[in-house]
Amino acid sequence: MRFSLNKEKYSSVNLYFQDEARFGMMTHLGRYLTASGVKPIVSYQHIFKTTYLYGSYSPINGNSFVWEINGVNTIIFEAYLKEFSQYKPNEYKIVVIDNAGFHSTKNIEVPENIFLLRIPPYAPELNPCEQVWQYIKNRYKNQRFETMENLTDWLHNMVNQMTPKTIKSITGNHHYINAFNAIL
């Protein structure tokens with residue numbers, strides 16, 4: 001069965017994987033490479049201020065849409081979808097989401113250029129966004145941020161440095177790409 005695209009309304013179709021990740025001011029310790037017998041010293045802080053990144057990443061062409069906001073709930077998710085629909089508005093977006101409680105679509109309006117597709121419950125390994133968050137968090141370890149503004153600036157720089165080539169290398173999976181190409 002082939003996908004039929006309304007070419008008068010949408011010029012292209014793309015596959016995205018969506019997820020959220022929390023980042024905070026508490027230091028997350030990671031490994032350091034040091035000389036034998038030398039214990040690394042890491043500046044540590046224990047502060048519970050956080051922010052969230054909502055992200056949609058395409059393994060097909062490396063496109064991404066990332067939103068930084070403080071919180072996770074259905075209202076924020078709906079607002080994210082509305083903003084995401086304005087990113088390349090002539091593109092029909094197939095968005096794969098997990099089964100988080102706030103992803104409930106019962107009482108929200110899903111934009112007409114977005115189709116939500118759920119992965120099975122308890123299967124985060126099926127969502128390549130998890131690898132994107134791991135990529136960012138590996139660079140986030142052992143960092144200490146003086147203010148939330150420093151943290152959000154670091155996150156914005158990190159996200160902006162990720163090229164489509166980098167995103168494709170992290171999210172690319174031949175199973176997803178072959179299935180996507182088979183339906184178009």
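Residues numbered from 1 in each chain as written. Predicted model: local features only at pLDDT ≥ 70, side-chain atom pairs only at ≥ 80, totals over all residues. Heavy atoms only, no water.

Chemist: Quick question: what am I supposed to make of the overall build of the chain here?
Modeler: Of regular secondary structure, the chain possesses 5 helices and 5 strands. For the chain, the sequential pattern of α-helices and β-strands runs β-β-β-α-β-β-α-α-α-α. Buried positions account for 40% of the 184 residues belonging to the chain. In the chain, the proportion of contacts linking residues at least 24 apart, taken out of those at least 6 apart, comes to 65%. (Helix = DSSP H or I, 4+ residues; strand = E, 2+ residues; numbered from the N terminus. Buried < 20%, exposed > 50% of the residue type's maximum accessible area, 1.4 Å probe, protein only. Contact = heavy atoms within 4.5 Å.)

Chemist: What's the story with the sheet that holds strand β3 (residues 64-69) in this structure? I'm lost.
Modeler: Adjacent strands of a sheet pair through backbone hydrogen bonds, lying either parallel or antiparallel. Read from one edge of the open sheet, 5 strands run β3-β2-β1-β4-β5, paired in mixed fashion. Each end of this open sheet is capped by a strand with a single partner; those strands are β3 and β5 (114-118). The average angle at which neighbouring strand axes cross in this sheet is 25 degrees, direction not considered. Note that strand β4 (residues 91-97) and β5 share 5 bridges and pair parallel. From the neighbouring strand, Ile94 faces β5, where its bridge partner is Phe115. Packing of helix α1 (residues 74-86) onto the sheet brings it into contact with β1 (12-24), β2 (50-57), β3, β4 and β5, and relative to β3 it is tilted by some 145 degrees. Strand contacts of helix α3 (residues 148-161): β1, β2 and β3, with the helix running at about 15 degrees to β2, the strand carrying the most contacts. (Pairing = 2+ DSSP bridges. Axes fitted to C-alpha atoms, helices over the stretch in contact; angles between N-to-C directions.)

Chemist: Sorry if this is basic, but what is going on with α3 here?
Modeler: Note: α-helices contain 3.6 residues per turn, so residues at a spacing of three or four share the same orientation. Taking 1.5 Å of rise per residue, 14 residues should cover 20 Å, and α3 covers 20 Å from first to last C-alpha, within 8% of that figure. Among the residues of α3, those classed as buried are Leu151, Thr152, Trp154, Leu155, Met158 and Val159. Considered in projection along α3, the buried side chains sweep an arc of 155 degrees and stay on one side of the axis. Exposed side of α3, more than 90 degrees from the buried face: Glu149, Asn160 and Gln161 are the residues found there. (Expected span 1.5 Å × (residues − 1). Arc of directions from axis to C-beta.)

Chemist: Before we go on, may I ask you to explain the confidence of the model for the chain in this structure?
Modeler: If pLDDT is low for a region, its predicted coordinates should not be looked at in detail. Confidence in the prediction for the chain averages 85 pLDDT; 86% of positions are at 70 or higher. Within the chain, the lowest mean pLDDT, 81, falls on helix α5 (residues 174-183), and the highest, 95, falls on β3. (pLDDT = per-residue confidence, 0-100.)

Chemist: Looking at this structure, I do not really get the pairing of β1. What am I missing?
Modeler: Note on strand geometry: in a regular strand, side chains alternate between the two faces of the sheet. Across the 13 residues of β1, 11 count as buried, placing the element largely inside the fold. With 6 bridges joining them, β1 and β4 adopt parallel strand pairing. Residue pairing across strands places Asn14 opposite Lys93, the latter belonging to β4. For β1 and β2, the ladder comprises 8 bridges, and the chain directions are antiparallel. Within the sheet, the bridge partner assigned to Phe17 lies in β2 and is Tyr57.

Chemist: Any chance you could explain the nonpolar core here in plain terms?
Modeler: Nonpolar side chains in soluble globular proteins tend to be buried together. In terms of nonpolar packing, the biggest core is built from 28 residues, with Phe23, Leu53, Val132, Trp133, Ile136, Trp154 and Leu155 touching the most fellow members. For this core, the secondary-structure elements that each account for two or more residues are β1, β2, β4, α2 (129-140), α3 and α4 (164-171). In contact with Ile136, not counting residues within four places along its chain, are Phe23, Leu53, Trp154, Leu155, Met158, Val159 and Met162. In terms of nonpolar packing, the next biggest core, distinct from the first, is built from 15 residues, Tyr52, Phe65, Ile76 and Phe102 among them. (Core = buried A, V, L, I, M, F, W, Y, C linked by side-chain atoms within 4.5 Å.)

Chemist: What should I look at first to understand the pattern of salt bridges in this one?
Modeler: Proximity of charged atoms lets side chains of opposite charge pair with each other. Using the criterion set out here, one finds 2 salt bridges in the structure. Across the salt bridge formed by Lys9 and Glu112, the nearest N and O atoms sit 2.8 Å from each other. Of this pair, Lys9 sits in the segment before β1 while Glu112 sits in the loop between β4 and β5, placing them 103 residues apart in sequence. A salt bridge links Glu91 to Lys93; the shortest N-O distance between them is 3.6 Å. (Salt bridge = Lys/Arg side-chain N within 4 Å of Asp/Glu carboxyl O.)

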